[in-house]
There are 2 protein chains.
Amino acid sequence: MQKPSVPKGTRDFSPVEMSRRQYIFDTVKSVFRTYGFAQIETPAMENLSTLLGKYGDEGDKLLFKVLNSGDYADGLTADELRNASKICEKGLRYDLTVPFARYVVQHQSEISFPFKRFQIQPVWRADRPQKGRYREFYQCDVDIIGSRSLLNEVELVEIVDSVFSRLGINVALKMNNRKILYGIAETIGHADKMVDITVAIDKLEKIGIDNVKAELAERGIGAEAIAMLQPILELSGDNSQKLDKLESIIGGSETGRTGIAEMRTIFGYVERLGIALPVELDLSLARGLNYYTGAIFEVKALDFAIGSICGGGRYDNLTGIFGLPDVSGVGISFGADRIYDVMSGLNLFPADVDCSTKVLFVNLGAGEEAESLKLLAALRKDGIAAEIYPENGKMKKQMEYANRRAIPYVIIIGSRELETRTATVKDMRSGEQIAVAFDSILDAVK
Amino acid sequence: MQKPSVPKGTRDFSPVEMSRRQYIFDTVKSVFRTYGFAQIETPAMENLSTLLGKYGDEGDKLLFKVLNSGDYADGLTADELRNASKICEKGLRYDLTVPFARYVVQHQSEISFPFKRFQIQPVWRADRPQKGRYREFYQCDVDIIGSRSLLNEVELVEIVDSVFSRLGINVALKMNNRKILYGIAETIGHADKMVDITVAIDKLEKIGIDNVKAELAERGIGAEAIAMLQPILELSGDNSQKLDKLESIIGGSETGRTGIAEMRTIFGYVERLGIALPVELDLSLARGLNYYTGAIFEVKALDFAIGSICGGGRYDNLTGIFGLPDVSGVGISFGADRIYDVMSGLNLFPADVDCSTKVLFVNLGAGEEAESLKLLAALRKDGIAAEIYPENGKMKKQMEYANRRAIPYVIIIGSRELETRTATVKDMRSGEQIAVAFDSILDAVK
């Protein structure tokens, strides 16, 4: 019989991976909660009508579609059977953003706006699996919807600061503003080409300034316009200097000026609140998704080479696709898999995350077991994760079990220990053994 | 535009439902952890070869199948397109048991047996949706695999006791043993009809003894055999009396005797450990799934009419289907949706579960906001879930927001409060307002 396996691009999470992932999610959640965000969940399956057309043609192809249940082929011609939309009505969630927009529209009458929600659930994409890219992965989104206040952007900056400092990851936050990008496009006379320009700028770090210029030319931007762009791409100084310089160049664009004012407000808050996180205006930041309309964010780990580990931005019309216009929101998404890789790579997980059980009682026979069970109950009552080896087996085997499970304390109660009412407590890391009276065991392992 | 919706039989979980569900899961998880169980997760999609044939013909029909990505119809005839197994290789997880068996076989070399795992994930079934029955719902399973010790059964009894007493639900645990049921079938001369007999007995409570007898006759059990069964169905007394009486009837069956001995051992532990939970031997308990081979469990809420809210049992060959024979395990599953219904029905959720934010600062202008932000940061630093209304808006609107969000404390800092450096703290439940010096706010809302 062939050994069973999981579908390609999907993963099992074993106990140690799970506790590490849970440690990340618990940290993130506890920060979200402190900021007043509430959790929601949406179904894994959405109607295909909800999902299709929201992620571009490429995205549509990457949706996992669920075959209609019952006689899916009933009454269909061969041609119809070749049309996925005839045999599938549902698809698996591709991200958390579109389901959230659907949720807000569907539940608008129950929601108190501004609505602060977070959502941590898996999403599925029929992408070609490769290193670090999976067909099932968790997203972890936090959004405030129904408020245009820039205080919301500032709150997300604080959340980024708080999450990564709790996790022990040194990060820098890069920010930009879509209105500034539009102002630039407008100023160089190519307001209609904002998407091309931002896509090209987005590649600045990857392909360098000369290639970006070549790409801009290819996209029909004239030499003169490209020349006007040059000083913007090479902007230097602190955020406030950059914004001043920028204003002198694109100040003629009203949208551009608004974007600059927004960033001044946000940076002003960040300074006054004394947020320790380095926040940098980076005009090369554009972010792929076209629904962003204001401030955009991206977080990079400083001590580990990996793409962005968190990102997001302001969107003015997320729910418009479902018939509810003019609801502005801002949100960011934490990349759990990459954060996991950074923390593993830099050894940032606390040691006790890996050990699920703190104490193991070895099992040396009926009388010994009976006494151990009493002591075990006392430890558990105190919230200590403890267990007893369920069978009276060889000591060596039981010790091996403790070792493989990374259980730090083993308590041995044999006939001698029964008589003296003192247990032998072995520290599995140091190998040290001490004798502890039965009624002091709780203190010894605490 | 039509208001968007979710696929039938699936649900969104809004903030209040989420915190209540989370409260249940957190309670259950913390008990599991205290007993040394570690969490795993498996992918939502499994290969159909893993799932098919494991749940009977009825179950196969209820699997949600995922259409192959890319050109699923490429090179297929019309007939082949009518065959789901030609166009789908993957399906959504139907329960957590089969994926767990697959997991154990796939990862056997990494696992330290006995393996104590829990798993809390959604499952999907293309069942006809109805009240209390969904197409997506969470299962919450806890199993010990790789140990035949009855101490494992006892540990599950303790877990049931601990979970439900923490949740505040009064329950009774009914237990039986498949070996006893086999012993009964053997004794009445129908060892081959054990499944028919147990299915009929399982209905005792629902349809009454006369109907059970009729059903047994229909299934080919003779009148004499049914007569022998009668005293077994009418067994009374405490567990030990029932087992004694039972032994006098089915003691000729070796398997039956083993089952009786197992239950004596389990009940003996339960008594010696002083477990408060009422545990009752109930011979009418059979449980539908045929893979159980020893003790079986079912938990009923005592103060709320609903089916069983937790159940499980011992299985001797779960992983045999994937080529790893002779791995015995025992496990139970908690029904999150039903537990939720019981707790809602009996008003058992703690009041603070419903409030995600404890403190709201109203926003009355730039200077007031600046001061509020400092105080807000101090509260959050102390782990208090707090927020500021992000816009300087009408007081009435901000108060309404606090009310709808069930936020218990509102802090008002206006120009007068700024001057005196005392905030007005309003208790939203009592309506009471008190003046609190800025530096005492933390104590006032703690």
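Here the structure is a predicted model, which means the values were calculated and not measured.

As assigned here, chain A comprises domain 1 (171-302) and domain 2 (356-445). The C-alpha centroid of domain 2 of chain A is placed 62 Å from the C-alpha centroid of domain 1 of chain A.

Attention shifts here to the relation of the copies chain B and chain A. For the pair of chain copies, the relating transformation is a rotation about an axis with a translation along it. Taken as rigid bodies, chain B and chain A are interconverted by a rotation of 180 degrees and an axial shift of 0.0 Å, the fit giving an RMSD of 0.0 Å. Here the transformation between the copies is reduced to the relation of a two-fold axis.

Okay, the packing of aromatic side chains next. Note on aromatic pairs: each is described by the distance of the centres and the angle between the planes. Tallied over the entire structure, the rule returns 26 aromatic pairs over all chains. Each ring, one from Phe32(A) and one from Phe334(A), has its centre 5.7 Å from the other, and the planes form 55 degrees; the classification is tilted. Taken together, the residues span a long stretch of sequence, with Phe32(A) in helix H1 (residues 15-34) and Phe334(A) in strand E11 (residues 329-334) at a distance of 302 residues. Taken together, the ring pairs connect Phe32(A), Phe37(A), Phe118(A), Phe164(A) and Phe334(A) into an aromatic cluster. It is Arg21(B) that lies over the ring of Phe13(B); its NZ or CZ is 3.9 Å from the centre. Arg272(B) extends its terminal NZ or CZ atom over the ring of Tyr269(B), reaching a point 5.1 Å from the ring centre.

A word on the nonpolar core. By size, the foremost hydrophobic cluster in this structure holds 158 residues, and its most contacted members are Ile87(A), Phe164(A), Ile169(A), Met175(A), Phe334(A) and Ile87(B). Element by element, the count of residues in this core is highest for helix H7 (residues 151-167) of chain A, at nine residues. Once residues within four sequence positions are removed from consideration, Ile87(A) is found in contact with Val66(A), Leu67(A), Asn68(A), Tyr72(A), Leu76(A), Leu81(A), Leu67(B), Tyr72(B) and Ile87(B).

Let us now look at the packing of helix H9 (residues 194-202) of chain A against helix H10 (residues 204-218) of chain A. Residues and elements named next belong to chain A. Across the interface, H9 lies against H10 with an axial gap of 7 Å and an inter-helix angle of 140 degrees. Relative to H10, the element H9 lies oblique. Residues Asp196, Ile197, Ala200, Ile201 and Asp202 of H9 pack against Leu204, Val212, Glu215 and Leu216 of H10. Of the residues belonging to the contact of H9 with H10, the class tally is six nonpolar, no polar and three charged.

Over its 19 residues, helix H13 (residues 254-272) of chain A runs 27 Å from end to end, which matches the ideal 27 Å to within 8%, given 1.5 Å per residue. Looking at H13(A), one finds that the buried residues are Gly256(A), Gly259(A), Ile260(A), Glu262(A), Met263(A), Ile266(A), Phe267(A), Gly268(A), Tyr269(A) and Val270(A).

The next point concerns the sheet that holds strand E10 (residues 310-315) of chain A. Backbone hydrogen bonds are what pair the strands of a sheet, in a parallel or an antiparallel way. Residue and element names in this part refer to chain A. Taken in spatial order, the eight strands line up as E1-E5-E6-E11-E10-E9-E7-E8 in an open sheet, and their pairing is mixed. Only two strands of the sheet have a single neighbouring strand rather than two, namely strand E1 (38-39) and strand E8 (279-281). Bridge count between E10 and E11: six bridges; the pairing is antiparallel. The residue bridging cysteine 310 from the neighbouring strand is phenylalanine 334, located in E11. Packing against the sheet, H13 makes contact with strand E7 (171-177), E8 and strand E9 (292-301), and its axis sits at approximately 150 degrees to E7.

So, how was this worked out
Residues numbered from 1 in each chain as written. Chains lettered and ligands numbered in written order. Predicted model: local features only at pLDDT ≥ 70, side-chain atom pairs only at ≥ 80, totals over all residues. Heavy atoms only, no water. Domains from an automatic or database assignment. Least-squares fit on C-alpha atoms with pLDDT ≥ 70 in both. Phe/Tyr/Trp six-rings, centres within 6.5 Å; stacked < 30°, edge-to-face > 60°. Helix = DSSP H or I, 4+ residues; strand = E, 2+ residues; numbered from the N terminus. Lys NZ or Arg CZ within 6 Å of the ring centre and 35° of its normal. Core = buried A, V, L, I, M, F, W, Y, C linked by side-chain atoms within 4.5 Å. Buried < 20%, exposed > 50% of the residue type's maximum accessible area, 1.4 Å probe, protein only. Contact = heavy atoms within 4.5 Å. Axes fitted to C-alpha atoms, helices over the stretch in contact; angles between N-to-C directions. Parallel < 35°, antiparallel > 145°, perpendicular 65-115°, else oblique. Nonpolar A, V, L, I, M, F, W, Y, C, P; charged D, E, K, R; others polar. Expected span 1.5 Å × (residues − 1). Pairing = 2+ DSSP bridges.

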